[in-house]
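A look at the structure
Okay, here's what each chain looks like letter by letter:
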Amino acid sequence: MTDASQPAPTTSEVRRAVVERYGARARAVLEGAGVATSAAACCGPAVPTESQPIEFVQDMPAARPDAAQRYGTSNYDPTTQLADLPETVVGASLGCGNPLAIAELSVGERVLDLGSGGGIDCFLAAKQVGETGEVWGLDMTPEMIALARHNAEQVGATNVRFRLGEIEDIPFPDASFDVIMSNCVINLSSDKPRVFAEAHRVLAPEGRLRVSDMVWTAEPSAETRANLEAWAGCVAGALLLDDYLEAIRAAGFGDVDAHYEPSETGLVSADVVARKR
Ligand SMILES: C[S@@+](CC[C@H](N)C(=O)[O-])C[C@H]1O[C@@H](n2cnc3c(N)ncnc32)[C@H](O)[C@@H]1O
């Protein structure tokens with residue numbers, strides 16, 4: 001709970017901070033690969049330099065050292081999952097788990113990735129569902145969508161597409177997907193009940209929710225909760241695990257379960273599963 005002297009950031013403050021942070025990261029990856037971006041060439045926030053680094057969850061004092069253990073590419077098998085992917089996919093991996101490891105995808109399934117970033121989980125999912133399946137990535141940061149579409153061309157993936165939009169207002173009809181996955185994203189939303197309600201709406205009956213996300217096992221300080229940088233860094237917006245699972249149940253899901261390694265800080269990366277009832 002936050003006290004009155006430390007108000008939580010507003011929804012618009014959170015969205016602006018998230019889009020700026022992840023937009024800067026996407027531009028840095030694209031420019032590192034020699035791809036010009038119109039936003040970077042014009043008037044977007046500066047691309048980070050060594051003296052002005054982007055802070056992510058592993059940089060946050062409250063998160064060290066435990067959360068860093070499941071951050072980015074450390075979650076993937078370097079031989080079977082990363083070896084064939086371009087650097088612009090691997091270098092943009094900002095997850096805190098590997099939802100593919102719990103997704104149990106089958107050929108022909110329709111998959112939606114909430115907050116797809118540079119697309120790493122989409123490209124891995126695309127291999128598993130094959131040409132008869134389809135994968136969509138949804139992200140609200142325009143530069144991330146540009147990076148993901150660039151990556152789809154590099155990978156040669158024909159069954160993956162990316163759409164700009166918000167996970168609180170998923171731009172797809174009811175019952176469009178068999179599986180929804182998400183990797184280190186829902187903690188960034190200031191309306192998690194709505195995200196889970198939307199996920200439930202666009203899943204087909206018996207559809208699976210497969211999420212890796214940051215959660216707290218003990219309430220952090222009011223100072224941490226009020227810190228906008230920590231919110232955009234996947235720390236301050238993370239719910240208590242019990243509240244997270246209750247929000248999923250309240251949206252109508254059953255078979256809700258979570259696995260995580262405990263940490264001294266109380267901030268953990270959890271693998272969460274649920275099924276649409
Ligand atoms: C920590 S990154 C994770 C990206 C990707 N899932 C991965 O594993 O690399 C979070 C991503 O979620 C997106 N995001 C955050 N909040 C969002 C929201 N409310 N709606 C849509 N996308 C969101 C950000 O733009 C960013 O690309």
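You'll find the structure just up there.
So, here's what we can say about the structure. These numbers come from a predicted model, not from an experiment. (Residues numbered from 1 in each chain as written. Predicted model: local features only at pLDDT ≥ 70, side-chain atom pairs only at ≥ 80, totals over all residues.)

**Quick word on the pairing of strand β1 (residues 110–114)**
Threshold: With C-beta atoms placed from the backbone, a residue is buried if 20 or more other C-beta atoms are within 10 Å of its own, exposed if 12 or fewer are, and partly exposed between those counts. Think of it this way: any DSSP run of H or I at least four residues long counts as a helix, any run of E at least two long counts as a strand, and we number them from the N terminus. Only strands that DSSP links by at least two bridges are regarded as paired with each other. A clockwise path from the first strand over the helix to the second, with the strands pointing away from the viewer, defines a right-handed crossover.
With five of five residues buried, β1 lies mostly within the body of the structure. In β1, alternate side chains face the same way, and those of R110, L112 and L114 on one face and V111 and D113 on the other are all buried. Bridging between β1 and strand β2 (residues 134–139) involves five bridges; their strand directions are parallel. Bridging across to β2, R110 finds its partner in E134. Crossover connection from β1 via helix α6 (residues 120–129) to parallel β2: handedness right-handed. By the bridge criterion, four bridges tie β1 to strand β4 (residues 177–183) in an arrangement that is parallel. Bridge assignment links L112 to a residue of β4, and that residue is I180.

**Let's talk about the pairing of strand β5 (residues 203–216)**
Most of β5 is tucked away: eleven of the 14 residues are buried. Pairing of β4 with β5, which is carried by six bridges, proceeds in the parallel orientation. Note on β5: the bridge partner recorded for S182 is V211. In this fold, β4 hands off to helix α8 (residues 192–202), which returns the chain to β5; that crossover is right-handed. Summarising the sheet, β5 and strand β7 (residues 267–276) pair through nine bridges and their orientation is antiparallel. Each bridged residue has a counterpart across the sheet, and for L209 the counterpart in β7 is A274.

**A word on the nonpolar core**
Selection criterion: Buried Ala, Val, Leu, Ile, Met, Phe, Trp, Tyr and Cys residues form a nonpolar core when they are connected through C-beta atoms within 7 Å. It is the C-beta atoms, placed from the backbone, that decide contacts: two residues are in contact if theirs lie within 7 Å.
Core analysis: the largest hydrophobic core is formed by 74 residues, its most contacted members being V111, A125 and I180. Ranked by residue count, the leading element in this core is helix α1 (residues 11–32), at eight residues. For V111, the contacting residues outside a window of four places in its chain are L105, A125, V129, V135, F177, D178, V179 and M181.

**Quick look at the site of the ligand**
How we decide: Using a C-beta atom placed from the backbone, a residue is scored as near a molecule or strand whenever that atom is within 6 Å of it. Residues are grouped as follows: nonpolar covers Ala, Val, Leu, Ile, Met, Phe, Trp, Tyr, Cys and Pro; charged covers Asp, Glu, Lys and Arg; every other residue, Gly included, is treated as polar.
Near the ligand lie 24 residues; those nearest to it are G95, G115, G117, M140 and T141. If you list the elements that add at least two residues to the shell around the ligand, you get α1 and α6. Taken together, the residues of the shell around the ligand sort by class into eleven nonpolar, nine polar and four charged.

**Considerations on the packing of α1 against helix α7 (residues 142–155)**
Stated formally: Every axis in this analysis is a line fitted to C-alpha atoms, fitted for helices over the stretch in contact. Angles between the N-to-C directions lie between 0 and 180 degrees. Rotating anticlockwise by less than a right angle from the far helix to the near helix defines a left-handed crossing, while the corresponding clockwise rotation defines a right-handed one.
At a minimum axis distance of 7 Å, the contact between α1 and α7 shows a crossing angle of 35 degrees. Here α1 and α7 pass one another in a crossing that is left-handed. Contact residues: α1 offers Y22, G23, A26, R27, V29 and L30, while α7 offers P142, E143, M144, A146, L147 and H150. Class assignment of the residues belonging to the contact of α1 with α7 gives a composition of eight nonpolar, two polar and two charged.

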